[in-house]
Amino acid sequence: ALYWSGRLIEAFPAEAYPHYLRGSVLTRRHAWEEALQAVQNALARDAAEPDYFALASALCEPLSRFEEAGHYARAGLLLNPEHAGCLKAYMLSLMGQERPFREVAERLVQLRPTDAEAHALLGQAEWSEAGDAEAAMLHFREALRLHPDYEPARFGLLGVMRTRTVPYRLFNGLQHVG
């Protein structure tokens, strides 16, 4: 696929999609910098496609470039305020900056109620931002119902459940157990 994306770029250098395709292939190979460069090349040719902004934003996350991720996600949301990929990317950029992201997570679940990742992200938001263990567990469980092997939901649910155990609470100096 990498070879063919390169051939498409050679054949159609002014077209955005071959560059986006190359970025997608490089993403699957975890070549984050190269993938981001390819998507930036696509954006230089067509800045009206929210999918390109969503991928660029998502690629910034493993590079710990959260501010840049937020920029790409917001630009995509200006084109389509309900673009699920841009909403996810925007939320992840907020998580990286430790800003409130619960509202974005709620909107994402409204747009994609059958998306396990959306529910897991909302579970994380409920737990880390609001400290609401019940709401967090509800969303982690829903994510696991939708995708039983989804590790982030499993780990999130176990993490919340662990903090509710008596030994954990006693170890952390909490007086009230119940």
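Just so it is clear, the model here is predicted, and its values are computed rather than measured.

What counts, and at which threshold
- Residues numbered from 1 in each chain as written.
- Predicted model: local features only at pLDDT ≥ 70, side-chain atom pairs only at ≥ 80, totals over all residues.
- Heavy atoms only, no water.
- Core = buried A, V, L, I, M, F, W, Y, C linked by side-chain atoms within 4.5 Å.
- Buried < 20%, exposed > 50% of the residue type's maximum accessible area, 1.4 Å probe, protein only.
- Helix = DSSP H or I, 4+ residues; strand = E, 2+ residues; numbered from the N terminus.
- Contact = heavy atoms within 4.5 Å.
- Salt bridge = Lys/Arg side-chain N within 4 Å of Asp/Glu carboxyl O.
- Axes fitted to C-alpha atoms, helices over the stretch in contact; angles between N-to-C directions.
- Parallel < 35°, antiparallel > 145°, perpendicular 65-115°, else oblique.
- Left-handed = near helix turned anticlockwise from the far one by under 90°.
- Nonpolar A, V, L, I, M, F, W, Y, C, P; charged D, E, K, R; others polar.
- Phe/Tyr/Trp six-rings, centres within 6.5 Å; stacked < 30°, edge-to-face > 60°.

Things to note about the nonpolar core
Moving on, step 1. In terms of nonpolar packing, the biggest core is built from 40 residues, with Leu-43 and Tyr-72 touching the most fellow members.
Moving on, step 2. Mapped by element, the contributors of at least two residues to this core are helix H2 (17-28), helix H3 (32-45), helix H4 (50-60), helix H5 (66-79), helix H6 (84-96), helix H7 (102-111) and helix H8 (116-130).
Moving on, step 3. Among the elements that make up this core, the one with the highest residue count is H6 (eight residues).
Moving on, step 4. Here Tyr-72 is in contact with Leu-36, Gln-40, Leu-43, Phe-53, Ala-56, Ser-57 and Cys-60, once residues within four sequence places are set aside.
Moving on, step 5. Counting residues in hydrophobic clusters, the runner-up holds 12 residues, among them Met-137, Phe-140, Leu-144 and Ala-153.

Observations regarding the pattern of salt bridges
Moving on, step 1. If you walk through the whole model with that rule in mind, you get 11 salt bridges.
Moving on, step 2. Between Arg-102 and Glu-106 there is a salt bridge whose closest N-O contact spans 3.7 Å. Taken together, the residues span about one helical turn, with Arg-102 and Glu-106 both in helix H7 at a distance of four residues.
Moving on, step 3. Classification of Arg-102 as partly exposed rests on a relative accessible area of 28%.
Moving on, step 4. Several salt bridges converge on common partners, so that one network encompasses Lys-88, Arg-112, Asp-115 and Glu-117.

Details of the packing of helix H1 (residues 2-11) against H2
Moving on, step 1. At their nearest, the axes of H1 and H2 sit 9 Å apart, and the two run at 160° to each other. Between H1 and H2, the angle falls in the class roughly antiparallel. The two elements H1 and H2 meet at a crossing, and its hand is left-handed. Across the interface between the two elements, Leu-2, Ser-5, Gly-6, Leu-8 and Ile-9 from H1 touch Pro-18, His-19, Leu-21, Arg-22, Val-25 and Leu-26 from H2.

Focus on unusual backbone geometry
Moving on, step 1. In this structure, His-30 takes a positive phi of about 60° despite not being glycine.
Moving on, step 2. Summarising the element assignment, His-30 is placed in the loop between H2 and H3.
Moving on, step 3. When its relative accessible area of 55% is taken as the criterion, His-30 is described as exposed.

Re the packing of H2 against H4
Moving on, step 1. In contact at an axis separation of 11 Å, H2 and H4 are set at 30° when each is read in the N-to-C sense. Taken together, the axes of H2 and H4 lie roughly parallel to each other. In this structure, H2 crosses over H4, and the sense of that crossing is left-handed. Contact residues: Tyr-17, Tyr-20, Gly-23, Ser-24 and Thr-27 in H2; Asp-51, Tyr-52, Leu-55 and Leu-59 in H4.
Moving on, step 2. Of the residues contributing to the contact of H2 with H4, the split by class is five nonpolar, three polar and one charged.

Some remarks on the packing of aromatic side chains
Moving on, step 1. For the structure on display, the rule yields three aromatic pairs.
Moving on, step 2. The interplanar angle of 80° and the centroid separation of 5.0 Å between the aromatic rings of Tyr-3 and Trp-4 together place this pair among those described as edge-to-face.
Moving on, step 3. Both rings, one in Tyr-17 and one in Tyr-20, keep their centres 5.9 Å apart while their planes meet at 45°; by these two values the pair is tilted. Highlighted residues: Tyr-17 and Tyr-20, both in helix H2, separated by three residues, approximately one helical turn.
Moving on, step 4. Chaining the aromatic ring pairs together yields one cluster made of Tyr-17, Tyr-20 and Tyr-52.

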